[in-house]
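As a plain string of letters, each chain reads:
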2 protein chains.
Amino acid sequence: MWYGTGMKNVTIEDIARVAGVSKSTVSRVLNHTAVVAPEKRKAVIEATERLGFSPNVVARSLASGRSMTVGVLTQLIGSPFYDAISQGVIAGLGYSDYSPIFADGQWQETKQIDAIGALVGRRVDGMVLIGGGVPSDEISRQCSGLPTVIVARNLPSDRHHCIYMDNVSGGYLATRYLLQQGHRQIAIIRGLEHHPDAVDRFAGYQQAFNEAGLTPDPRLIVDGDFSAESGIRAVNELLSRDLAFTAIFAANDLSAFGARLALDQRGMQVPRDVSLIGFDDQLESAYVTPPLTTVRQPAREMGRQASEAILNLIEGGEFSTQAVQGELIIRQSVAPPLR
Amino acid sequence: MWYGTGMKNVTIEDIARVAGVSKSTVSRVLNHTAVVAPEKRKAVIEATERLGFSPNVVARSLASGRSMTVGVLTQLIGSPFYDAISQGVIAGLGYSDYSPIFADGQWQETKQIDAIGALVGRRVDGMVLIGGGVPSDEISRQCSGLPTVIVARNLPSDRHHCIYMDNVSGGYLATRYLLQQGHRQIAIIRGLEHHPDAVDRFAGYQQAFNEAGLTPDPRLIVDGDFSAESGIRAVNELLSRDLAFTAIFAANDLSAFGARLALDQRGMQVPRDVSLIGFDDQLESAYVTPPLTTVRQPAREMGRQASEAILNLIEGGEFSTQAVQGELIIRQSVAPPLR
DNA sequence: CCGGCTTCTGAAACCGGTTTCAGGATAGCG
DNA sequence: CGCTATCCTGAAACCGGTTTCAGAAGCCGG
């Protein structure tokens with residue numbers, strides 16, 4: 001078996017022979033790891049180019065102890081938000097000498113633990129964990145001594161480096177905006193019951209109400225699971241309960257889409273009859289009708305930040321947990337209530 | 001530096017010592033590569049578990065010549081279609097012992113060539129090329145002797161293994177459906193001018209007209225670039241030209257969303273005033289208002305198929321280029337024309 | 001009871017680099 | 001001019017596995 005651009009497989013030894021020097025010297029030239037006499041350096045470089053040599057990364061990894069790879073644990077459920085983070089990581093690593101290796105957690109804790117194990121076994125030099133629910137101490141155990149960044153999740157222990165979205169303030173922002181527009185009966189479609197993001201956004205919702213000296217109507221709180229279907233179900237449930245509401249705060253844009261569709265099917269217009277606000281600001285949200293007002297999560301940027309953080313940690317740098325703030329993106333799905 | 005679950009770093013040599021056998025025997029037990037006396041086997045397995053040994057994949061790769069990785073070249077532009085293919089590849093590889101390594105081509109030929117080179121340098125055992133525009137013979141050159149699958153692109157040479165969507169028949173399907181519904185003035189928003197997918201879909205559009213003994217109105221053909229913005233621009237252009245049309249075939253769902261929005265802003269309803277059909281069937285398409293009729297491209301499945309194909313090729317199996325057919329997904333954005 | 005064949009096993013070579021170490025050449029200094 | 005400090009360089013060890021090879025042990029039939 002052979003690879004590479006050309007023939008057999010040219011090794012550092014071949015270069016050494018052709019250039020009339022030793023392996024060591026070739027290595028030194030290639031890595032700029034020591035001063036080498038100019039004429040030898042030249043000979044090595046020429047030989048390298050003539051034979052079309054590209055060093056065997058695997059051998060190099062073994063010898064140097066660094067694999068030049070970063071393990072990325074995804075959850076792969078096809079959520080636009082998490083996917084965008086992965087993309088950001090890939091993009092951010094694109095400018096470095098490190099390559100990302102992916103493993104798929106499938107939102108199952110055991111799978112995630114296995115996947116982390118597989119990545120560790122591959123001797124990745126750093127680890128980026130996107131979302132997921134692996135317990136803190138399990139992470140510590142498996143990734144001890146290994147630079148690790150956790151994205152889109154906030155682990156309280158300061159052993160961990162996290163880049164997460166401040167979901168409380170995000171939920172607060174969305175709700176306060178609706179309140180400012182004059183809404184009082186604001187339904188909320190929550191995300192997965194125990195999902196920390198969902199819990200936090202809900203906390204923000206309550207906080208905005210509290211701050212305004214109001215109390216949300218508990219009957220307007222319905223559960224969902226971040227899917228578009230759950231948005232449909234939630235609206236149907238609200239309408240079947242025959243409750244009055246003038247606005248909906250959806251757990252994420254996808255469920256907002258579902259909610260929008262369900263409202264439309266019942267003949268209710270957004271924002272005339274009901275205002276609607278989402279969470280995420282995914283690509284499509286600016287182009288649905290009406291363009292969706294939402295809280296922007298800079299997913300791609302978070303991924304990119306994570307890649308920078310991990311590179312920095314690998315180089316021995318420092319990093320401390322960062323919360324990124326959501327941004328209210330005002331479009332056209334919210335209007336003051338009619339009356 | 002040390003990794004792993006526990007202490008220093010336990011190697012096969014440690015296991016050998018503890019189990020009272022030689023390295024060779026440990027290797028044989030771990031890889032089931034030869035028969036070993038039951039009691040020694042047991043000793044090895046026990047030692048392995050007790051010390052929490054996980055083999056160094058890098059060393060194994062170097063020795064065996066197989067890196068147990070598959071290189072994936074993406075284009076990372078955030079296109080829902082291409083992204084979904086990547087996800088499919090990750091998912092498909094999840095069940096194997098191979099891990100995907102990503103490199104980002106950024107839709108630039110030079111970047112793509114570099115990226116392929118980097119992957120080859122990493123001694124990947126197989127390569128999955130998603131989209132992109134690297135010339136056929138450049139691929140042959142760099143990937144010679146390396147199992148390679150090209151997804152979402154059809155290279156005529158039979159040296160290559162491709163999994164691609166039949167865009168001609170997809171475009172045909174969409175257009176024929178509109179014709180069947182009674183539309184005659186069918187505008188088309190094309191994708192990027194020289195993009196093969198766009199060209200093919202347009203060919204399908206013409207084919208459907210031909211087959212019906214009709215000719216499309218050339219003034220209803222406008223260019224786009226697969227973005228939502230381009231959908232908006234296209235509709236505005238059509239309307240400003242003051243042309244009569246009863247239906248729009250958009251290059252992809254994203255540009256259909258844009259078109260839908262632009263129509264809405266001009267007070268035109270879908271499908272009452274104008275019917276709209278897209279291409280892709282991305283996640284959100286079922287939940288916009290009205291739910292979008294479209295041609296489904298099984299992106300994720302294509303990625304999964306690619307991963308299966310590459311694993312098969314690595315094992316020495318055969319694979320021949322496959323065209324997957326699009327499927328017309330009828331929802332509610334198309335209706336017969338009013339008159 | 002012995003030769004031949006099979007089975008198991010360990011020593012050693014190997015994969016392709018990096019890194020240590022020691023020695024030779026050269027330069028600097030008194 | 002002699003002696004030490006410095007600079008280059010190559011030999012060899014090393015990273016942690018796999019695989020070859022040859023020898024030891026066990027089994028068989030004659």
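Residues numbered from 1 in each chain as written. Chains lettered and ligands numbered in written order. Predicted model: local features only at pLDDT ≥ 70, side-chain atom pairs only at ≥ 80, totals over all residues. Heavy atoms only, no water.

What is the right way to look at the confidence of the model for chain A in this model?
Interpretation of this model should avoid reading the predicted coordinates in detail wherever pLDDT is low. Summing up the model confidence of chain A, the mean pLDDT is 93 and the portion of residues at 70 or higher is 97%. In the predicted structure, residues 1-7 of chain A sits below a pLDDT of 50 and forms 17 contacts with residues beyond four places in sequence or in another chain. (pLDDT = per-residue confidence, 0-100. Contact = heavy atoms within 4.5 Å.)

Quick question: what am I supposed to make of the nonpolar core here?
The tendency in soluble globular proteins is for nonpolar side chains to be buried side by side. The biggest cluster of nonpolar side chains holds 99 residues, and the ones touching the most others in it are A:V128, A:F249, B:V128 and B:F249. Among residues more than four places away in sequence, those in contact with B:V128 are B:V70, B:G71, B:V72, B:L73, B:V89, B:V149, B:V151, B:A306 and B:I310. Counting residues in hydrophobic clusters, the runner-up holds 54 residues, among them A:V235, A:L263, A:Y287 and B:A234. (Core = buried A, V, L, I, M, F, W, Y, C linked by side-chain atoms within 4.5 Å. Buried < 20%, exposed > 50% of the residue type's maximum accessible area, 1.4 Å probe, protein only.)

Please explain the interface of chain A and chain B as it appears in this structure.
By convention, interface size is frequently given as the accessible area that disappears when the constituent parts associate. With 61 residues of chain A in contact, the opposing surface of chain B contributes 61 residues. Summing both sides of the interface, chain A and chain B together bury roughly 5300 Å²; the carbon and sulfur share of this comes to 59%. Here chain A is connected to chain B by zero salt bridges. On inspection of chain A and its partner chain B, the count reaches 16 residue pairs in polar contact (both at pLDDT 80 or more). For the side of chain A that touches chain B, the secondary-structure elements that each account for two or more residues are α4 (57-64), α5 (80-93), β2 (99-104), α6 (109-121), α7 (136-142), α10 (228-240) and α11 (253-265) of chain A. Among the residues making up the side of chain A that touches chain B, the classes are represented as 30 nonpolar, 19 polar and twelve charged. (Buried area = accessible area lost by both parts, 1.4 Å probe. Salt bridge = Lys/Arg side-chain N within 4 Å of Asp/Glu carboxyl O. Polar contact = N/O pair within 3.5 Å; in protein donor to acceptor, adjacent residues only side chain to side chain. Helix = DSSP H or I, 4+ residues; strand = E, 2+ residues; numbered from the N terminus. Nonpolar A, V, L, I, M, F, W, Y, C, P; charged D, E, K, R; others polar.)

Sorry, what's going on with the protein's contact with DNA strand D here?
Near DNA strand D lie 25 residues; those nearest to it are A:T25, A:R28, A:A37, B:I12 and B:S27. In DNA strand D, atoms within 4 Å of the protein come 56% from sugar and phosphate. Here a base nitrogen of DNA strand D and a side-chain polar atom of A:R28 are 2.6 Å apart. A distance of 2.9 Å is found between a phosphate oxygen of DNA strand D and a side-chain nitrogen or oxygen belonging to B:N31. Mapped by element, the contributors of at least two residues to the surface near DNA strand D are α2 (23-31) and α4 of chain A together with α2 (23-31) and α4 (57-64) of chain B. Ranked by residue count, the leading element in the surface near DNA strand D is α2(B), at five residues. Across the surface near DNA strand D, the residue classes tally to twelve nonpolar, eight polar and five charged. (Near = heavy atom within 4 Å.)

When you look at the protein's contact with DNA strand C in this model, what are you seeing that I'm missing?
Neighbouring DNA strand C are 24 residues; A:I12, A:S27, B:T25, B:R28 and B:A37 lie closest to it. The sugar-phosphate portion of DNA strand C accounts for 56% of its atoms within 4 Å of the protein, the bases making up the rest. A distance of 3.5 Å is found between a base nitrogen of DNA strand C and a backbone nitrogen or oxygen belonging to A:A59. In this structure, B:K40 approaches DNA strand C through a side-chain N or O atom, which is 3.5 Å from a sugar or linking oxygen. Among the elements of the structure, α2 and α4 of chain A together with α2 and α4 of chain B are those that each provide at least two residues to the surface near DNA strand C. Element by element, the count of residues in the surface near DNA strand C is highest for α2(A), at five residues.

How should the relation of the copies chain A and chain B be read in this particular structure?
Mapping one chain copy onto the other needs a rotation about an axis and a shift along that axis. Under the fitted operation, chain A is carried onto chain B by 0.1 Å of movement along the axis and a turn of 180 degrees, and the coordinates agree to an RMSD of 0.2 Å. The two molecules are tied by a two-fold rotation axis, judged by turn and shift. Residue A:I101 of chain A places its C-alpha closer to the rotation axis than any other residue of that unit, at 2.2 Å. Most of the interface of chain A is mirrored in chain B, where 100% of its interface residues are also at the interface. (Least-squares fit on C-alpha atoms with pLDDT ≥ 70 in both.)

What exactly am I supposed to notice about the sheet that holds strand β6 (residues 186-189) of chain A here?
Sheet strands pair via backbone hydrogen bonds, and the direction of the pair is either parallel or antiparallel. Residues and elements named next belong to chain A. Read from one edge of the open sheet, six strands run β7-β6-β8-β9-β10-β12, paired in mixed fashion. The open sheet has two edge strands, β7 (221-222) and β12 (327-329), and neither has a second partner. The strands that helix α9 (residues 196-211) touches are β6, β7, β8 (247-250) and β9 (275-280); relative to β6, the one it contacts most, it runs at about 165 degrees. (Pairing = 2+ DSSP bridges. Axes fitted to C-alpha atoms, helices over the stretch in contact; angles between N-to-C directions.)

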